[in-house]
Amino acid sequence: MSTLRTNALEGVDAKNSITIVAGAGNVTTTNVQQGLCMAWVNFDGTAGSISNADNFNSSGLTDHGTGNYTASWTNALSSVNYSVSGMGGDNNVSSPQGMFSHNATPSTDSFKVICTNASASATDFKYVSILAHGDLA
Amino acid sequence: MATLKTNTLTGTSTAGSIAVTGEGNSTTTNLQQGLCKVWINYNMISSTAERDSFNVSSLSDLGTGSTTVNINNDMANANYSGFFYCNAAAETAYNNFSNHYAGGWGGLTTGSFSQQSHNNTDVIDSFMNITGVMGDLA
């Protein structure tokens, strides 16, 4: 058993690139930076005034009306070509719930989504999650 | 090229916090905050069962199209974020998948979260369910 204690990690050859053995066969490597989620947020879309319940690297939310939200990032991504995933839903398991789709051209420092129900109508959901994977600026 | 060998990483000032230099060579991100804490690929058809997972203790079948994923090492609070994809079909195809209403979250707790798969108008057991969670471990 060995434990490395440090507050920060940087690559030696390139500060922004650290490889780690991660394959099931103990051979294949992956990249630490590329594998990290750069921003995530959870919020209650049904609240009168929406705000982050918990987050990482999110500077805030904008409410554009029913089911329409923008999540803003504190530290921006380096391009608009990052990946976004997530889900919306409520606590009702007896009726269909919804998820979100892109609702505008992505920005390096924010992302707009729309949550919809089974009738494709914009809907506020209690649990809204948005995640961003990509390159930090 | 330098290789550091260790089995465990711990923050010096705060055990649960290590900064990592991002792709732009200046801004840092946080290693722990960026890690996926739970992920699973599972099947709702017939007997609900996982294909592969990380930090999942079990699955609970709540009925057609609804599943609870039970977390092994709990989250610190119920305000975590995550993603969920299902193919809204009982086989490998996604012929019932209809644009942007394929499923959703049920209740989030520190030890579990529920999900529902549906097609256009009905709750349906899905062959392919892929989900993960980001947030703070307890």
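Fair warning: this is a prediction, and the values are worked out from it, not measured in the lab. (Residues numbered from 1 in each chain as written. Chains lettered and ligands numbered in written order. Predicted model: local features only at pLDDT ≥ 70, side-chain atom pairs only at ≥ 80, totals over all residues. Heavy atoms only, no water.)

A.B. asks: What is the right way to look at the overall build of chain B in this model?
C.D. replies: In terms of helices and strands, chain B carries one helix and 11 strands. For chain B, the succession of helices and strands along the chain, N to C, is β-β-β-α-β-β-β-β-β-β-β-β. Overall, the C-alpha framework of chain B stretches about 50 × 30 × 25 Å when taken along its three principal axes. Looking at chain B residue by residue over its 138 residues, the buried ones come to 48%. Looking at chain B alone, contacts between residues at least 24 apart form 54% of all its contacts between residues at least 6 apart. Here chain B has roughly 6,000 Å² of accessible surface; of this, 50% comes from carbon and sulfur atoms. (Helix = DSSP H or I, 4+ residues; strand = E, 2+ residues; numbered from the N terminus. Buried < 20%, exposed > 50% of the residue type's maximum accessible area, 1.4 Å probe, protein only. Contact = heavy atoms within 4.5 Å. Areas by Shrake-Rupley, 256 points an atom, 1.4 Å probe, with all protein chains shown as cover.)

A.B. asks: Sorry if this is basic, but what is going on with the pairing of strand β9 (residues 83–89) of chain A here?
C.D. replies: Residues and elements named next belong to chain A. With five of seven residues buried, β9 is to be regarded as a mostly interior element. When β9 meets strand β12 (residues 127–133), the two strands line up antiparallel, connected through seven bridges. Within β12, the residue paired with G89 across the bridge is Y127. (Pairing = 2+ DSSP bridges.)

A.B. asks: Explain the interface of chain A and chain B to me, please; I cannot follow it from the model alone.
C.D. replies: The figure often quoted for interface size is the accessible area lost as the parts come together. Taken residue by residue, the interface counts 57 residues in chain A and 56 residues in chain B. Taken together, the two surfaces of chain A and chain B that pack against each other cover about 4,600 Å², and 54% of this comes from carbon and sulfur. The largest contributions to the chain A side of the interface with chain B come from L4(A), N7(A) and W40(A), which together make up 13% of the buried area. Our enumeration of links across chain A and chain B arrives at 32 residue pairs in polar contact (both at pLDDT 80 or more). Going through the elements one at a time, β1 (3–5), β2 (8–9), α1 (32–35), β5 (37–43), β6 (52–56), β9 and β12 of chain A are the ones with two or more residues in the side of chain A that touches chain B. Taken together, the residues that form the side of chain A that touches chain B break down as 24 nonpolar, 26 polar and seven charged. Relative to strand β2 (residues 19–21) of chain B, β2(A) is paired through two bridges, and the arrangement is parallel. Paired with A8(A) across the bridge in β2(B) is A19(B). (Buried area = accessible area lost by both parts, 1.4 Å probe. Polar contact = N/O pair within 3.5 Å; in protein donor to acceptor, adjacent residues only side chain to side chain. Nonpolar A, V, L, I, M, F, W, Y, C, P; charged D, E, K, R; others polar.)

A.B. asks: Looking at this structure, I do not really get the sheet that holds strand β7 (residues 66–71) of chain B. What am I missing?
C.D. replies: Hydrogen bonds between backbone groups are what pair the strands of a sheet, and the pairing can be parallel or antiparallel. All names here are of chain B. Taken in spatial order, the four strands line up as β6-β7-β10-β9 in an open sheet, and their pairing is antiparallel. Across the chains shown, the open sheet's two edge strands, defined by having one partner strand only, are β6 (56–63) and β9 (103–108). Strand-to-strand, the axes of this sheet are offset by a mean angle of 25 degrees, without reference to chain direction. Both β6 and β7 contribute to a ladder of six bridges, which runs antiparallel. Within β7, the position partnered with S60 by the bridge is T68. (Axes fitted to C-alpha atoms, helices over the stretch in contact; angles between N-to-C directions.)

A.B. asks: How do you make sense of the side chain of S126(B) when you look at a structure like this?
C.D. replies: With respect to the element layout, S126(B) can be found in the loop between β10 (112–117) and β11 (129–134). Dropping the residues within four chain positions of it, S126(B) is found in contact with N43(B), M44(B), I45(B), C86(B), N87(B), A88(B), A89(B) and S117(B).

A.B. asks: Hey, could you run me through the packing of aromatic side chains in this one?
C.D. replies: Any pair of aromatic rings gets described here by the distance separating the centres and the angle formed by the planes. In total, this model carries four aromatic pairs over all chains according to the counting rule given. Considering the side-chain rings of F43(A) and Y69(A), the 5.0 Å spacing of their centres and the 80 degrees angle between planes classify their relative orientation as edge-to-face. Of the two residues, F43(A) is situated in strand β5 and Y69(A) in strand β8 (residues 68–73); the sequence distance between them amounts to 26 residues. For F43(A), a relative accessible area of 0% puts it in the buried group. Considering the side-chain rings of W105(B) and F113(B), the 5.6 Å spacing of their centres and the 85 degrees angle between planes classify their relative orientation as edge-to-face. (Phe/Tyr/Trp six-rings, centres within 6.5 Å; stacked < 30°, edge-to-face > 60°.)

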